[in-house]
Amino acid sequence: MTTHGVSLATLAAAGLLLACEPDRAPFSPSERPDAAAHKTGTVFLTPNAAGQMGTVSTTGTIDRGNAFFQSLGTNGRSCGSCHFQANAFGLSAEAVRAVFATTGGTDPLFAPVDGANCPSVTSADGAAGHSLLLNQGLIRIGLAVPAGAEYAITAVHDPYGCALRGSPAEASVYRRVLPTTNLLFLSAVMWDGRETVQPLTDRNTFTSNLRAGLLHQAMDATLGHAQAASSPTPAQLNAIVDFELALFTAQQTDNAAGVLQAQDGNGGPAALAATPYFPGINDPLGDNPTGAAFDPSAFTLFGSWKDVSNSGPFAEPRKTVSRGEAVFNTHPLTITGVAGLNDALGVAAINGTCTTCHDTPNVGNHSRPLPLDIGIGHVAGHESDPQVLAALGRLSMPDLPVFQVACQTGPLAGMVRYTSDPGRALISGKCADIGRLKGPILRGLAPRAPFFHNGAAATLTEVVEFYNLRFQMGLTNREKADLEAFLRAL
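Let me begin by describing the structure that accompanies this report.

Definitions and limits used
- Residues numbered from 1 in each chain as written.
- Predicted model: local features only at pLDDT ≥ 70, side-chain atom pairs only at ≥ 80, totals over all residues.
- Heavy atoms only, no water.
- Phe/Tyr/Trp six-rings, centres within 6.5 Å; stacked < 30°, edge-to-face > 60°.
- Helix = DSSP H or I, 4+ residues; strand = E, 2+ residues; numbered from the N terminus.
- Buried < 20%, exposed > 50% of the residue type's maximum accessible area, 1.4 Å probe, protein only.
- Contact = heavy atoms within 4.5 Å.
- Pairing = 2+ DSSP bridges.

### Things to note about the packing of aromatic side chains
Logical step 1: According to the stated counting rule, one finds 19 aromatic pairs in the structure shown.
Logical step 2: Geometrically, the ring pair formed by Phe299 and Phe328 is edge-to-face, given 5.4 Å between the ring centres and 90° between the ring planes. Of this pair, Phe299 sits in the loop between α6 (269-273) and α7 (315-330) while Phe328 sits in helix α7, and the two are 29 residues apart along the sequence. In this structure, Phe299 and Phe328 share a single accessibility class: buried.
Logical step 3: Ring pairs connect the aromatic residues Phe299, Phe302, Trp305, Phe328 and Phe486, which therefore count as one cluster.

### A few points about helix α2 (residues 93-103)
Logical step 1: For α2, the full list of buried residues reads Ala93, Ala95, Val96, Ala98, Val99 and Phe100.
Logical step 2: Each element contacted by the buried residues of α2 is listed here: α3 (131-136).
Logical step 3: Once α2 ends, the next one or two residues include Gly104, with phi positive near 65°.

### Points about the sheet that holds strand β4 (residues 138-144)
Logical step 1: A sheet is described by the order of its strands in space; here 3 strands give the open sequence β4-β7-β6, paired in antiparallel fashion. At either margin of the open sheet sits one strand with a lone partner, and together these are β4 and β6 (164-165).
Logical step 2: Note that β4 and strand β7 (residues 170-176) share 7 bridges and pair antiparallel. Note on β7: the bridge partner recorded for Arg140 is Tyr174.

What follows is the structure, encoded as structure tokens:
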């Protein structure tokens, strides 16, 4: 199996494995959130509500002079404007609000091109013009409807006045910022895979193809999000991608369970950096190139905590995290009505566990490109599936545009769907792809709230409640609490 070229022994020798939790006060509201990082050895730590997030770089440093942190466009933005180290190189709504309060909304993060509800927003609109970014951490993505698409698309709810605009029509969809760390585990680049310029399915070409996709993504982001007049140079693009590929981020300490490497725990970024990966590793659909069978116990971080001693303040919280890992690995659920899975396999109901879709060992995304529609973008007023409807009722759904997508050609001609995000169908033009998006990497989850592609879950509690109802898990209150504790520890 291929690894990332870093062994635990090497990390330990380099001082990457921490023996204790250093003291650090949370950042003050006057600080930009990514300025709160501090260094112990070569683990870079940032505080969050659950404890401390840790980042390691295989270069041994986080170079703030890298092109990742340089403004290469015309609106003052850099990659670092939207990817905060304190948010696992993603972006939390809490951090957005802190930046808005500090700068009065003048930070480049709020550039109208996509940091506002619509490009027409001006400074006079104030916070109201940036409500989706402030409340759900959502960036506006404008995607042209593909020529020759199998469907016709109409905006039936347009709360901000730019759901569909121009000719050919451009749809405004609103999505969470994906982290620019842990990228060596990706099976698709971007939520809809639009930057996967070469397939990430062959272990022999994975590294070169991933790099090609990330280079293209960095170029598009600079031309689009930063509104650059011309592409960055090859040297700048390669510097950005080198920086990103060196990063590994995960929760390092937990307020309740303490250091996540104690008592043979394997939490934190150092162990993650040494985690093996190749396309198809542990694939549940029989597509593992080694021929190995799927192992539903995909997470093995905290199994040693199952029977920890009852002495000390961390004993019970560590048992809780271990039980939550077991729930994630083994608790039965029933997968129904998931486009990209049930329809693709021709099976109405699939018996599985959380790891049926989150199969990559100790990472949590799918090891093969498998965009799915689990119902997050469905619209309650147009939903007939009782499981989806019940699950949506547990979320804090933002007020998003609603699109009617009427399939006119292809195998699904005659079908009409309502969604807040047509997903991969805006790239492929295929009705089968309506609402389908990838499942993101789960490591470094705690400081990235809200959750799901559209920020519909304000908390991890809402995430657990959604899945419990959506896939008929029947979790007890203790199992819900255990599962949430595990997710916080990732």
